[in-house]
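Next come the chains, spelled out residue by residue.
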Amino acid sequence: MSKIDINISSFDSGFYLTHSCLLRSTNEQKGGTEIDLLSLHIYVHPRSDTTDEMCNFYIMYYTTNDGKTIANDICGIGYSNNFYGVQLPAISEVALPLPDDPTHSPAPHPPQTENSTDGDTSSITVHTLKNLQLAHDWALNGKAGKEAKPLLSVPLGQVTAVDVCREGDLYVFHRGNRIWDESSFDMNDRFLQKDDGPIAIPTILHLSSTGGLLGKYGANKFYLPHGLTVDSEGNIWLTDVAMHQVFKFGAQRLLDGKPELTLGVAFEPGNDLSHFCKPAAVAVETSGNFYVADGYCNRRVIKFSKFGGILQVFKSAVDGKQMFVPHSLALINSDSALLVADRENSRIITLATSNMSVLSVRYLSHPVYAVAAPKDTRDTPLMYAVFEATQSRGVNGSTIYFNGTEEEWGPQGGFAKAHDVSASGDGSAVYVAEIGPN
């Protein structure tokens, strides 16, 4: 470990030093940079490219203070509320000691991961099976080129999820004019825009396989959509990270907006067995049992019976590390195994559904946002995954075979912001939702 000493001089009385900074570069993780803003420990871990090998870190932080409290947010990223500040003497060149044991909850979704300034539109791309060549690119706000299919009068926002039903149609989940950024949640993961009401326009779109609009639902129901899954019976499962809830709708119940099953307590985050904290995704067995990735705060996957009773909870460390934003789920091998996209650890964990034990771990070079497999071939030898876009990786979709090989695919120049992936029943087409900057 090497220590970076911050030179502190000529602080007037009434100023506060809130943090100092340590840098450690090890091989503890399989790539990436982790910043703990409570102790301001920055961990830089080597990757297979050169974009993360150097870390230049600058903070200038100003706040009006009454001498008793400090601001509960730093750099616009919401962390736990255990910040500390000690008033400096009139003149000081000695750094204050850090807390002995700073604690924090897992980092929430960084604003830039869902509100990118790159790209022009949210969209859904379709790739065909033959080496997954691009077949269509539907820009959902009508701005794109010859393949664009504007969806009537529906204004699209952040497109968070896409899934294929058994008939081959698609369901899409989006946020309208609402975005997830640093102002969305407080330090305790409570949604700050509840008083704005639910999103007024339809947030669920039913599309044909060629992009035609078949139906629109979910107006005045959801606050911050995230995950969408269509099960083998045609039920639609949705997660809302603002409400901290999971919903099951029968296809016919989308019209009246009344879910058949609701889990979690509205707008109340928690880590016990009756609460979620920003649940990310759902996967459903043909038996009706289902799994929830309770992803952004609780670092766990919960297995439920088809009636909503808890059967098992997986939150164990894998290879010495707890999951860090389990973001997507997919069932394979006739529902005997569950794929978990452990996003910030850049890996895919395979769990046995019988006892939630770890079957395998596949490490990847970049954060993995979503995984999927063909639904009608549960003994498939492959899965699909989409990754975080980086300057060094323009193509950020992959077909990953369980024999160890991997094929990359994506539009020319890569996805702007791939957030979810789904495959048709026979695997002949793959659909990618790009969250975009809308």
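Above this text is the structure in question.
Since this is a predicted model, take the numbers as computed values, not measurements.

K.L.:
Can you explain the nonpolar core? Please cite residues and give values.
P.N.:
Core analysis: the biggest nonpolar cluster contains 29 residues, and Y171, I204, L228 and L238 have the highest contact counts within it. Broken down by secondary-structure element, the contributors of at least two residues to this core are β9 (170–174), β12 (225–230), β13 (236–240) and β14 (245–249). Residues within four places of L228 in sequence aside, it is in contact with A161, D163, Y171, V172, F173, I204, I236, W237 and L238. Ranked by size, the runner-up nonpolar core spans 15 residues in total, among them A283, F314, L331 and L338.

K.L.:
So, a nonpolar patch on the surface: which residues are in play, and what are the values?
P.N.:
Together, L273, I310 and V313 make up a nonpolar patch on the protein surface, roughly 230 Å² of accessible area in all. Inspection of the secondary structure assignment puts V313 in strand β19 (residues 310–314).

K.L.:
For the packing of aromatic side chains, give the residues involved together with the corresponding values.
P.N.:
Each pair of aromatic rings is reported with the distance of its centres and the angle of its planes. Enumeration over the complete set of coordinates arrives at 13 aromatic pairs. Taken together, a centroid distance of 5.7 Å and an interplanar angle of 75° make the contact between F222 and F247 edge-to-face. Here F247 lies in strand β14 and F222 lies in the loop between β11 (213–217) and β12, a separation of 25 residues in the sequence. The exposure classification of F222 matches that of F247, with both residues buried. A network of ring pairs unites the aromatic residues W180, F185, F191, Y223, F267 and Y296 as a single cluster. In this arrangement the basic side chain of R343 is found over the ring face of Y369, its NZ or CZ atom lying 4.8 Å from the centre.

K.L.:
Any details on the pattern of salt bridges? Residues and values, ideally.
P.N.:
Opposite charge on two side chains allows them to pair when their charged atoms are near. Scanning the model with the defined rule gives 7 salt bridges in all. A salt bridge links R253 to D256, with the nearest nitrogen and oxygen atoms 3.0 Å apart. On the basis of relative accessible area, R253 is assigned to the partly exposed category, the value being 29%. Take D256: its relative accessible area is 40%, and that puts it in the partly exposed class. The partner of R343 in a salt bridge is E344, and the shortest N-O contact between them spans 2.5 Å. E344 gets classed as partly exposed once you look at its relative accessible area, which sits at 25%.

Reading guide: rules and limits
Residues numbered from 1 in each chain as written. Predicted model: local features only at pLDDT ≥ 70, side-chain atom pairs only at ≥ 80, totals over all residues. Heavy atoms only, no water. Core = buried A, V, L, I, M, F, W, Y, C linked by side-chain atoms within 4.5 Å. Buried < 20%, exposed > 50% of the residue type's maximum accessible area, 1.4 Å probe, protein only. Helix = DSSP H or I, 4+ residues; strand = E, 2+ residues; numbered from the N terminus. Contact = heavy atoms within 4.5 Å. Patch = residues over 30% accessible without salt bridge, like charges linked within 9 Å, V, L, I, M, F, W, Y side chains within 5 Å. Areas by Shrake-Rupley, 256 points an atom, 1.4 Å probe, with all protein chains shown as cover. Salt bridge = Lys/Arg side-chain N within 4 Å of Asp/Glu carboxyl O. Phe/Tyr/Trp six-rings, centres within 6.5 Å; stacked < 30°, edge-to-face > 60°. Lys NZ or Arg CZ within 6 Å of the ring centre and 35° of its normal.

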